[in-house]
Amino acid sequence: MTTLGVVFRPQLPPERLRAMVRTAEDAGLAELWLWEDCFLESGIAAAAAALAWSERLRVGVGLLPVPLRNVALTTMEAATLHRLFPDRVMLGVGHGVQDWMGQVGARAESPVTLLREHLDAMRALLAGERVTTQGRYVRLDGVALDWPPASVPAVYAGARGPRSLRLTGESADGTILDASTTPDGVRRARQLIDEGRESAGRTGTHRVVVYLLTATGPDAEARLRAELRSEGKEDVAGLGVAGDAEDVAKAVRRLAEAGADTVVLQPTADEPDPEGFIRFVTDEVRPLMS
């Protein structure tokens, strides 16, 4: 069965997070996902709060932009969360928006190289290894975690382009695809991820998480079109869904059939009732997925 999640969009102020977490926990939502978007909200701080305010809810961050982060710090924060909240944390890393990285003086000349080096070091550190490396961007000298997670956690990576998607297959444990991904895009991504996994001799599970821009209610179609238009994607066929629970369930099934393991429903930035959106997902959409 496809896992359903919901995004807490950082266009909402941080103080709204607790109510969203409590609604998600009470409604039985499987996963709540957060973003570390410049210059809105921190992914790690928000994730720690969400996990502390809940007991069952799984919390994902998709994604942490690696140009902003030293890999040792990212891994220390990841290890701490995994030890405090075992089996409830899903962390993804990625290139970040290049214009934003430029604004803070952190834009990398080779984002793919940086992400590869970050992933390789992070996964080794989380596995309890002592790491020495002198890469183009990542440099560690005998670094090891004093408190690695009790079991080695999955590290997700976000990607769009072919090189980055192959890289997630080679060096990550799962891939996050943003809401600009159609079902055909998921199929292409799966193929590229599998090529990367084969080239690296990777075996085992590689989960694919896909965001789905979703609007419901009487003005759903107008809100969806407005957001797609603002992002220059209004003419992309098969992108996003507006309608009732059956419409949304059909869109989720199309992504699942294309290769998505988890579909995270992403409300529009102007969603009038974020808590109600969570209840719509759990009470109306989820029963149609079984």
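Our structure is the block above this text.
**Student:** How should the overall build of the chain be read in this particular structure?
**Tutor:** Per the secondary structure count, the chain includes ten helices and eleven strands. At 18 Å, the chain has a C-alpha radius of gyration in line with the 19 Å of a compact globule built from 290 residues. Oriented by its inertia axes, the alpha-carbon framework of the chain measures out at about 60 × 40 × 40 Å. When the 290 residues of the chain are sorted by exposure, 55% land in the buried category. The long-range share in the chain, meaning contacts at least 24 apart out of those at least 6 apart in sequence, stands at 74%. For the chain, the exposed area adds up to about 12800 Å²; of that, 49% sits on carbon and sulfur atoms. If the 33 positive side-chain charges of the chain are averaged to one point and the 41 negative ones to another, these points end up 3 Å apart.

**Student:** What is the right way to read a nonpolar patch on the surface from this model?
**Tutor:** A surface patch of nonpolar side chains, amounting to about 270 Å² of accessible area, comprises Phe39, Leu68 and Val104. By the secondary structure assignment, Leu68 is in the loop between strand 3 (58–65) and helix 3 (71–84). Its relative accessible area of 39% is what places Leu68 among the partly exposed residues.

**Student:** I keep staring at the pairing of strand 9 (residues 207–215) and nothing clicks. Help me out?
**Tutor:** It is a general feature of regular strands that their side chains alternate between the two faces of the sheet. Burial within strand 9 is extensive, with eight of its nine residues counted as buried. Judged from the four bridges that link them, strand 8 (residues 174–177) and strand 9 form a sheet pairing that is parallel. Note on strand 9: the bridge partner recorded for Thr175 is Val208. Between the parallel elements strand 8 and strand 9, the chain passes through helix 7 (residues 183–200) in a crossover that is right-handed. With six bridges connecting them, strand 9 and strand 11 (residues 262–267) associate as parallel partners. Residue Thr214 lies in a different strand from strand 11, and its bridge partner there is Pro267. Across two bridges, the pairing between strand 9 and strand 10 (residues 241–242) is parallel.

**Student:** What is the right way to look at unusual backbone geometry in this model?
**Tutor:** Note: most residues except glycine have negative phi, and most peptide bonds are trans. Phe39 follows Cys38 through a cis peptide bond whose omega is -5°. One can find Phe39 in the loop between strand 2 (31–34) and helix 2 (43–52). Here the amide bond leading from Gly62 into Leu63 is cis, since omega sits at 25°, within 30 degrees of zero. Looking at the element boundaries, Leu63 is found in strand 3. Backbone geometry places Asp87, a non-glycine residue, at a positive phi of 65°. Relative to the helices and strands, Asp87 is located in the loop between helix 3 and strand 4 (89–94). By relative accessible area, Asp87 is classed as exposed at 62%.

**Student:** Sorry, what's going on with the side chain of Thr23 here?
**Tutor:** With respect to the helices and strands, Thr23 occurs in helix 1 (residues 17–27). A relative accessible area of 13% places Thr23 in the buried class. Sequence-distant contacts of Thr23, that is, excluding residues within four places in its chain, are made with Glu275, Ile278 and Arg279.

**Student:** Help me understand the packing of aromatic side chains, please; the structure alone is not making it clear to me.
**Tutor:** To describe a pair of aromatic rings, you give the distance between the ring centres and the angle between the ring planes. Summed over the entire model, instances satisfying the criterion amount to four aromatic pairs. Here Trp33 and Tyr211 contribute two aromatic rings whose centre-to-centre distance is 6.4 Å and whose plane-to-plane angle is 90°, an arrangement assigned as edge-to-face. Of this pair, Trp33 sits in strand 2 while Tyr211 sits in strand 9, placing them 178 residues apart in sequence. Classification of Trp33 as buried rests on a relative accessible area of 0%. Given the relative accessible area of 4%, Tyr211 is considered buried. Pairwise contacts between aromatic rings join Trp33, Trp35, Tyr156 and Tyr211 into one cluster.

**Student:** I keep staring at the pattern of salt bridges and nothing clicks. Help me out?
**Tutor:** Oppositely charged side chains can pair when the atoms bearing their charge come close. One pass over the full model with this rule turns up 22 salt bridges. The salt bridge involving Arg58 is made with Glu31; its shortest N-O contact spans 3.7 Å. Taken together, the residues span a long stretch of sequence, with Arg58 in strand 3 and Glu31 in strand 2 at a distance of 27 residues. The partly exposed category is assigned to Arg58, whose relative accessible area is 28%. For Glu31, a relative accessible area of 5% puts it in the buried group. Here Glu170 makes a salt bridge to Arg116, at a shortest N to O gap of 2.6 Å. With a gap of 54 residues between them, Glu170 in helix 6 (residues 162–171) and Arg116 in helix 5 (residues 111–126) connect regions that are remote in the sequence.

Thresholds applied
Residues numbered from 1 in each chain as written. Predicted model: local features only at pLDDT ≥ 70, side-chain atom pairs only at ≥ 80, totals over all residues. Heavy atoms only, no water. Helix = DSSP H or I, 4+ residues; strand = E, 2+ residues; numbered from the N terminus. Rg over C-alpha atoms; globule rule 2.2 N^0.38 Å. Buried < 20%, exposed > 50% of the residue type's maximum accessible area, 1.4 Å probe, protein only. Contact = heavy atoms within 4.5 Å. Areas by Shrake-Rupley, 256 points an atom, 1.4 Å probe, with all protein chains shown as cover. Lys, Arg positive; Asp, Glu negative; His and termini not counted. Charge placed at Lys NZ, Arg CZ, Asp CG, Glu CD. Patch = residues over 30% accessible without salt bridge, like charges linked within 9 Å, V, L, I, M, F, W, Y side chains within 5 Å. Salt bridge = Lys/Arg side-chain N within 4 Å of Asp/Glu carboxyl O. Pairing = 2+ DSSP bridges. Right-handed = clockwise from strand over helix to strand, strands pointing away. Phe/Tyr/Trp six-rings, centres within 6.5 Å; stacked < 30°, edge-to-face > 60°.

Everything listed here is a matter of geometry and, on its own, says nothing about what the molecule does.
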